[in-house]
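One letter stands for each residue in the lines below.
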Amino acid sequence: MDWKKLVILSISIGLLQSCFLKAYTTTEYGSDRPKHNRFKIGKYPYNLKFDDPIKTDFVYTKIDSAYFKSAITKENVLFVNNVFLRFFSNGRYLKSSTKKNYNSALEDYNNLKNGIVGYYEIKDNKLFLEYFLTNAHNNGKYYMLELNLIKDSIEGYKKLKIEGLTGTPDW
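Residues numbered from 1 in each chain as written. Predicted model: local features only at pLDDT ≥ 70, side-chain atom pairs only at ≥ 80, totals over all residues. Heavy atoms only, no water.

1. Brief notes about the layout of surface pockets
One number sums up the size of the largest pocket: a volume of about 170 Å³. Around the largest pocket sit Ser31, Asp64, Asn81, Val83, Lys95, Ser96, Ser97, Asn114, Gly115 and Ile116, which together line it. Of all the secondary-structure elements, those providing two or more residues to the lining of the largest pocket are β4 (76-87) and β5 (92-98). Broken down by element, the residue count for the lining of the largest pocket peaks at three residues, all from β5. Its residues placed into classes, the lining of the largest pocket shows two nonpolar, six polar and two charged. (1 Å grid on protein atoms, 1.4 Å probe; cavity = no way out; pocket = protein on both sides within 12 Å on 5 of 7 lines; lining within 4 Å. Points joined across faces, edges and corners; volume = space filled by probe spheres on them. Helix = DSSP H or I, 4+ residues; strand = E, 2+ residues; numbered from the N terminus. Nonpolar A, V, L, I, M, F, W, Y, C, P; charged D, E, K, R; others polar.)

2. Examining the nonpolar core
Residues Val59, Leu94, Tyr109, Leu160, Ile162 and Trp171 are the most contacted members of the largest nonpolar core, which totals 19 residues. The set of elements that each furnish at least two residues to this core consists of β6 (116-123) and β7 (126-135). Look past the residues within four positions of Trp171 in its chain and what remains in contact with it is Asn37, Phe88, Arg92, Tyr93, Leu94, Leu112, Val117, Gly118 and Tyr119. Residues Tyr46, Leu48, Ile54 and Tyr93 belong to the second largest nonpolar core, which totals 17 residues. (Core = buried A, V, L, I, M, F, W, Y, C linked by side-chain atoms within 4.5 Å. Buried < 20%, exposed > 50% of the residue type's maximum accessible area, 1.4 Å probe, protein only. Contact = heavy atoms within 4.5 Å.)

3. Examining the packing of aromatic side chains
All told, the structure shown has 10 aromatic pairs when counted by the stated rule. With centroids separated by 4.9 Å and ring planes inclined at 55 degrees, the aromatic side chains of Phe39 and Tyr119 adopt a geometry described as tilted. A residue pair is termed long-range when its members are at least 10 positions apart, and Phe39 in the loop between β2 (32-34) and β3 (58-69) and Tyr119 in strand β6 qualify at 80 residues. This pair shows no difference in class: Phe39 is buried, exactly as Tyr119 is. Put simply, the rings of Tyr46, Tyr60, Phe87, Tyr93 and Tyr120 touch in pairs and so form one group of aromatic residues. The side chain of Lys55 reaches across the aromatic face of Phe50, ending 5.6 Å from its centre. (Phe/Tyr/Trp six-rings, centres within 6.5 Å; stacked < 30°, edge-to-face > 60°. Lys NZ or Arg CZ within 6 Å of the ring centre and 35° of its normal.)

4. Structural notes on the environment of Thr27
The residue Thr27 is located in the loop between β1 (24-26) and β2 in this model. In this structure Thr27 comes out as buried when scored by relative accessible area, which is 14%. Put simply, Thr27 and Glu130 are 103 residues apart on the chain and 20 Å apart in space, counted from C-alpha to C-alpha. When sequence neighbours within four positions are dropped, the list of residues in contact with Thr27 reads Arg33 and Lys113.

5. Description of the environment of Ala105
Turning to its location among the elements, Ala105 is positioned in the loop between β5 and α2 (106-110). Distance in space between the C-alpha atoms of Ala105 and Asn148 is 26 Å, their sequence separation being 43 residues. The contact partners of Ala105, leaving out residues within four places of it in the chain, are Thr98 and Lys100.

6. Focus: the pattern of salt bridges
Evaluated as defined, the whole model comprises five salt bridges. In this structure, Lys161 engages Asp57 in a salt bridge whose closest nitrogen and oxygen atoms are separated by 2.4 Å. Of this pair, Lys161 sits in strand β10 (residues 158-161) while Asp57 sits in the loop between β2 and β3, placing them 104 residues apart in sequence. (Salt bridge = Lys/Arg side-chain N within 4 Å of Asp/Glu carboxyl O.)

Shown next, in the form of structure tokens:
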């Protein structure tokens with residue numbers, strides 16, 4: 001086999017692997033986690049300082065809502081999702097949701113196997129979030145989000161003190 005055929009074969013195998021081999025695992029709750037940590041922020045994780053506005057004994061909540069057209073009734077249906085962010089002192093964070101009242105959702109807050117995972121850092125009153133997400137069009141991709149910090153909270157989120165937060169992130 002000459003070198004041109006070998007190069008074409010190698011490239012073809014590489015493309016097939018990237019298309020068909022998953023770059024992530026799925027938890028028992030259906031959440032995707034990268035097989036290999038390729039977070040840019042994760043290379044040098046942020047260490048939360050005492051005077052930082054983000055605290056590990058709080059969750060940051062907001063209600064996301066969207067209208068969808070029902071395929072059956074053809075009516076617009078409101079979908080409401082109670083979203084929360086939970087931060088850890090080692091630069092990691094979890095974005096998840098709960099169907100419960102925010103004050104009674106401790107089980108959801110402590111379930112680190114459900115939700116979107118990522119890393120964060122704080123610079124100049126800005127919160128930078130890097131997270132891993134899969135969808136029908138990719139095999140897992142890393143995204144960046146920038147949020148404003150206002151005094152001791154995150155713009156658009158409500159700060160809620162929660163007693164009994166436990167767990168150590170494994171991503």
